[in-house]
Amino acid sequence: MPPVEELLSAAVAAVGGVERPGQVKMAQAVRHAIEHDEHVAVQAGTGTGKSLAYLVPAIRHAIESDTAVVVSTATIALQRQLVDRDLPRLSEALADQLPHEPQFAILKGRRNYLCRYKVTAVWPDDEEDQLFDPREVSATGRMVQRIQEWAEETETGDRDELVPGVNEQAWRQFSVSAKECLGAQRCPSGAECFAEQARERAGQVDVVVTNHALLAIDAMEEFAVLPEHDVVVVDEAHELVDRVTSVVTDELSETTVSMAVRRVGRLIEQGVADRLQAAGEDLKALLAAAPPGRLDQLPQVLGTTLTVLRDAAFTCLTAMGPRGGDNWGGGKNDDPEQAGQRKAAFTALDEVHDTAVRMLEAFGGDSEVDRAEVVWLEAATDRRPAVLKVAPLSVGGMLREKLFADRTVILTSATLALGGTFEGMARQWGLGPARPDQPAVPDDGSGDGAGTGRSGEDGERAAGRPKPWTGLDVGSPFDHPRSGILYIAKHLPQPGRDGLPQEYLDEIAELIEAAGGRTLGLFSSMRAAKAATEALRERIQMPLLCQGDDSTSLLVKQFAEDPETCLFGTLSLWQGVDVPGPSLSLVIIDRIPFPRPDDPLASARQRHVAARGGNGFMAVAATHAALLLAQGTGRLLRSQHDKGVVAVLDPRLETARYGSFLKASIPPFWTTTDPQKVRAALRRLTAASS
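Residues numbered from 1 in each chain as written. Predicted model: local features only at pLDDT ≥ 70, side-chain atom pairs only at ≥ 80, totals over all residues. Heavy atoms only, no water.

Take the packing of helix 11 (residues 254-264) against helix 14 (residues 336-361) next. Axis separation between helix 11 and helix 14 bottoms out at 8 Å; the angle between their running directions is 150°. Considered as vectors, helix 11 and helix 14 are oriented roughly antiparallel to each other. As helix 11 runs across helix 14, the sense of the crossing is left-handed. Within the contact between the two elements, helix 11 uses Thr256, Val257, Ala260, Arg263 and Val264 and helix 14 uses Gln341, Ala344, Ala345, Thr347, Ala348, Leu349, Glu351 and Val352. Grouping the amino acids of the contact of helix 11 with helix 14 by side-chain chemistry returns eight nonpolar, three polar and two charged. (Axes fitted to C-alpha atoms, helices over the stretch in contact; angles between N-to-C directions. Helix = DSSP H or I, 4+ residues; strand = E, 2+ residues; numbered from the N terminus. Parallel < 35°, antiparallel > 145°, perpendicular 65-115°, else oblique. Left-handed = near helix turned anticlockwise from the far one by under 90°. Contact = heavy atoms within 4.5 Å. Nonpolar A, V, L, I, M, F, W, Y, C, P; charged D, E, K, R; others polar.)

Structure follows, in structure tokens:
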């Protein structure tokens, strides 16, 4: 097998790129981690070419060991980039240097594939008639019809290939979860199942591209979802904890209970189902009257309601009889539709029962230190009723046991070294101390007993000890001090809770005028983005777009095509905008993006860290803000020729004690607090671009 450096050179030449020192260093680190069965976290700035840097050594290992490598991403966009662009070109480039041309496939959760059986079968109705707007009803009906037409021609059944897309209500009528699926052996359409075909393809390739959610499901389930593998590459690793948390968050509402009642109603005695219906009505009334927010103690009335709901669901499960095997009703001589109805009913009842049990047990600890989960109530909206949710305070222990214990894991992103170190992300992932030649990760109470790493050389690992890991920052090909300015508006007042102060609006207007448009405004809330848009459209001459005016992708396209246009928005723009060239020379951030004080999960995690003797603010709130700031400021330089300004209007970045931690998390721009210097620089840049 050729060495990694030789393969990387061939790959870079084939795609018309330029080999960069950081890219080579990263590829060598990935190779070393794989060969020595260690984990590595690599921060690689935009433009490094990190996809090739991890794909080349990963493919080399897959072919040499005849075992698939799994590459997990957080976004559909990166999945498609890997499968549609990077991997085809890379496979062709390496075909002559390896024993065979590398093969690859994409694999998603079962919900992402069309269920052939559900297209034709009579299935229990999951949707209540909650759409009172005739236009919405007809729009969903047209989507359903389009799915049915697409089902006749699609070769993959992959939802992402249905363009334009459809809403969740329409898609749910033609898809099933893994727990609802009858299985290929019993399903009448099992031989032509799109999800099974995708799994079969994934079992025959060298690289399987998936997402963080499916990676988490594969790690936690007793049965394998992904093909056998010993190496995982986690791209966009800064999002891993949030995506895993979403997978293991459960909820209860009138919708989940009524769905279970509808599914089980025709399969058991009506009186038994009515008990569950009555318990659901009690829950509905209670949630509608209760104030939203985190629940630190279990109110007696809620405890009683959850207990009744749990017992009613258990009674229904008992009435359903045995499950599994031919008891699904799916034997050779049984009705498959009955099997589908029973499986769907068991799934819905399990969800209600198990979630009620989990919520009751969340309050069982003697003190805050013993607490493992948090329960909170989300208020009703126009689209959904009030919902009770439960989530773990930490997923580090789960990741350590289920992901890191038996595999070599490569974690990479442009933003991992928050505050200049990998400590914060390592604690969230559940990793112990780094290798002896790396800075240790102190236990500040924010983890859940991450354990200790190995202290010896390569060789056999002490029984029960986790694999060692290394943190590596390979830098960026951009010259940040020469290409960008970080402007901190120290003279402005601290942001308040009552919207944007007039001084902020004046500052934004003056900066946009100096930049000649070309501005991406990143706001901490949608309310702030809309308020700024309304106020400034009357003051500036440049076109001003706001997230929500149209689809985000179309707005970004319009922004990129017209240099004078400005685009304001919130969270998805902090991470999802890639606009190289003269259309973007100013990024404005209205305030440090701390989580909201009333965010139930973040506030519970912060309090839990403090109860264990750690600094809850730094471990949770500051780390969250640092990650978003790193992502947001990273929107400015997207190519070697880009220049511009990042303007942070929140003076706390300069004046607060935690400001140095936050500034150490973002690219090393030249920094100033002088507004005159910044406006002059923007005017010069605008003149040069005209």
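Alright, that's what it looks like, and here's the rest.
This next bit is on the sheet that holds strand 7 (residues 293-295). Spatially, the four strands line up as an open sheet ordered 6-9-8-7, and their pairing is antiparallel. Of all the strands in the sheet, just strand 6 (250-253) and strand 7 have a single pairing partner and so form its edges. When strand polarity is set aside, the average angle formed by the axes of neighbouring strands in this sheet is 25°. Across six bridges, strand 8 (residues 373-378) lies against strand 9 (residues 387-392) in antiparallel orientation. Paired with Val374 across the strands is Ala391, a residue of strand 9. Across the sheet, helix 14 is in contact with strand 6, strand 8 and strand 9; its angle to strand 6 comes to roughly 105°. (Pairing = 2+ DSSP bridges.)

It is worth spelling out the environment of Thr307 at this point. Assignment of secondary structure puts Thr307 in helix 13 (residues 300-320). A relative accessible area of 27% places Thr307 in the partly exposed class. (Buried < 20%, exposed > 50% of the residue type's maximum accessible area, 1.4 Å probe, protein only.)

This paragraph deals with the packing of aromatic side chains. What the rule picks out here adds up to five aromatic pairs. Taking 5.1 Å as the distance between ring centres and 55° as the angle between the ring planes, the aromatic pair formed by Phe523 and Phe568 counts as tilted. Here Phe568 lies in strand 15 (residues 566-569) and Phe523 lies in the loop between strand 13 (519-522) and helix 19 (526-536), a separation of 45 residues in the sequence. When its relative accessible area of 1% is taken as the criterion, Phe523 is described as buried. Phe568 gets classed as buried once you look at its relative accessible area, which sits at 0%. Summarising the aromatic geometry, the rings of Phe617 and Tyr658 are spaced 5.3 Å apart at their centres and angled 55° between planes, so their arrangement reads as tilted. (Phe/Tyr/Trp six-rings, centres within 6.5 Å; stacked < 30°, edge-to-face > 60°.)

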